[in-house]
Amino acid sequence: MTVRLHWFLPTGGDGRTLVDRHAYGSNIGRDTRGLRTPDIEYLAQIAKAAEQLGFEAVLTPTGTWCEDAWLTTVALAQHTERLKFLVAFRPGLLSPTLAAQMAATYQRLTHGRLLLNVVTGGDSSEQRRFGDHLDHDRRYERTDEFLSVVRGVWRGEPYDFQGAHYEVEGGLTSLPPDPVPEVFFGGSSQAAGPVAARHADVYLTWGEPPAQVKAKIDWIRSLAEREGRTVRFGIRLHTISRDSSADAWSTANRLLDDLDADTIAAAQAALGRSESVGQRRMLELHGGSRDQLEIYPNLWAGVGLVRGGAGTALVGSHAEVADRIEEYHALGVEHFVLSGYPHLEEAYWFGEGVIPELAARGLLSADTASRTAGRGAPLLVARGR
């Protein structure tokens, strides 16, 4: 099992700050210095950089404050050649048969570059914006049925399904996707685990200390074994990698400069209303305090003070960040879905610093290692603020 690296497309905007100017409505329209809009030209720069640096895919988020992932990524596929797109979507917001058809079309248009990230949704207020009024556990029940239909329809012959949420008669994709997209799935609740065990190709967790990640892996692996399945594992993390550990921590500390007590309190109050068990676990890592944010060697919880979702970053020298990746890999983590602020510059810091470290340790596939060896940067690397 080799390390498989993925980057992130900031389709809600990018910049040199952790302050999310969209997620907490009172911030909209405030100071926008350093904010980069997610236009296709900027996103194409990131996608091209990720491809050239050796990342396999880029994750594109879903939600109110970002561009539609399906449309954005199929456009970006025209600007890249090999890069895959890990498209996040919410199962309850479209027909499962339509989703299966969209995925099949996407595979043909991009010559097989689609991966799917299934986001059940842990925030009822966000779901209601899209007209979805199911509670947390029933959303996972619906996701279970949704993925059953999608996989059934991909068989290429009429498929019938009757459940509590969907009734499908003769559903099919006349031309099934080739290859069938891998399904990435996350969820830390008791309702999520069995769904992952039955349907996920890759179970994706947010970045917690290794002992907690191991416990999750053991949990999902045991559930999958009962289903007669094997699930692979991935982790979602930010990165701040520099030539020296001191430079990396200096950059992390400067990201905190924008965060006053009121900003942190507002963010924590909003995030605390989430029904997501994974989000609750992120909040517990720092407790809303700026003190002792290094919760494990080189694992920093500062991002989660003001941002939902993945709230931790690997911070350190290139070798130290590679050490942590190697440690997670030893637990069984294969896929590393990474990001950093700003995403263009941080892709280069990681790609030119950490990827050669991983290659030297024999953790990358021969193809990835050969494509990245000795490659110069095609774009200017900004050494950041």
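Below or above, wherever it landed, is the structure these notes cover. Treat the numbers as computed from the prediction; the structure is a model and nothing was measured. (Residues numbered from 1 in each chain as written. Predicted model: local features only at pLDDT ≥ 70, side-chain atom pairs only at ≥ 80, totals over all residues. Heavy atoms only, no water.)

**A closer look at the nonpolar core**
Then comes step 1: Core analysis: the biggest nonpolar cluster contains 76 residues, and Leu5, Phe85, Ile325, Tyr328, Phe336, Phe350 and Leu358 have the highest contact counts within it.
Then comes step 2: With eight residues, the top contributor of residues to this core is helix 1 (residues 40–53).
Then comes step 3: In this structure, Tyr328 is in contact with Glu208, Pro209, Pro210, Val213, Ile235, Leu237, Leu299, Leu314, Val333 and Phe336, ignoring residues within four places of it in sequence.
Then comes step 4: In terms of nonpolar packing, the next biggest core, distinct from the first, is built from 22 residues, Leu18, Val19, Met282 and Trp300 among them. (Core = buried A, V, L, I, M, F, W, Y, C linked by side-chain atoms within 4.5 Å. Buried < 20%, exposed > 50% of the residue type's maximum accessible area, 1.4 Å probe, protein only. Helix = DSSP H or I, 4+ residues; strand = E, 2+ residues; numbered from the N terminus. Contact = heavy atoms within 4.5 Å.)

**A look at the packing of aromatic side chains**
Then comes step 1: Under the definition given, this model contains eight aromatic pairs.
Then comes step 2: Aromatic pair Tyr203 and Phe233: ring centres 6.3 Å apart, planes at 70 degrees, arrangement edge-to-face. Placement of the pair is Tyr203 in strand 8 (residues 202–206) and Phe233 in strand 9 (residues 232–242), with a sequence separation of 30 residues.
Then comes step 3: Exposure remark for Tyr203: the relative accessible area of 1% places this residue in the buried category.
Then comes step 4: Of the residues examined, Phe233 reaches a relative accessible area of 2% and is grouped as buried.
Then comes step 5: Pairwise contacts between aromatic rings join Trp70, Phe89, Tyr106, Phe146 and Tyr166 into one cluster. (Phe/Tyr/Trp six-rings, centres within 6.5 Å; stacked < 30°, edge-to-face > 60°.)

**Notes on unusual backbone geometry**
Then comes step 1: Of note, the bond from Asp178 into Pro179 is cis; its omega dihedral lies within 30 degrees of zero at 0 degrees.
Then comes step 2: In this fold, Pro179 is placed in the loop between strand 6 (167–171) and strand 7 (183–185).
Then comes step 3: Residue Pro342 is reached from Tyr341 by a cis peptide bond, and omega for that bond is -10 degrees.
Then comes step 4: Its identity as a non-glycine residue notwithstanding, His111 has a phi of 60 degrees, on the positive side.
Then comes step 5: The topology assignment puts His111 in the loop between helix 3 (96–110) and strand 4 (114–118).
Then comes step 6: One non-glycine residue, Gln292, adopts positive backbone phi at about 55 degrees.
Then comes step 7: Structurally, the position occupied by Gln292 is in the loop between helix 10 (277–286) and strand 10 (294–296).

**Looking at the pattern of salt bridges**
Then comes step 1: Scanning all chains against the criterion turns up 21 salt bridges.
Then comes step 2: A salt bridge links Glu334 to Arg232; the nearest nitrogen and oxygen atoms lie 3.4 Å apart. Note that Glu334 is positioned in strand 13 (residues 333–339) and Arg232 in strand 9, a separation of 102 residues in sequence.
Then comes step 3: Judged by relative accessible area, which is 28%, Arg232 ranks as partly exposed.
Then comes step 4: Between Asp323 and Arg361 there is a salt bridge; the shortest N-O distance is 2.7 Å. (Salt bridge = Lys/Arg side-chain N within 4 Å of Asp/Glu carboxyl O.)

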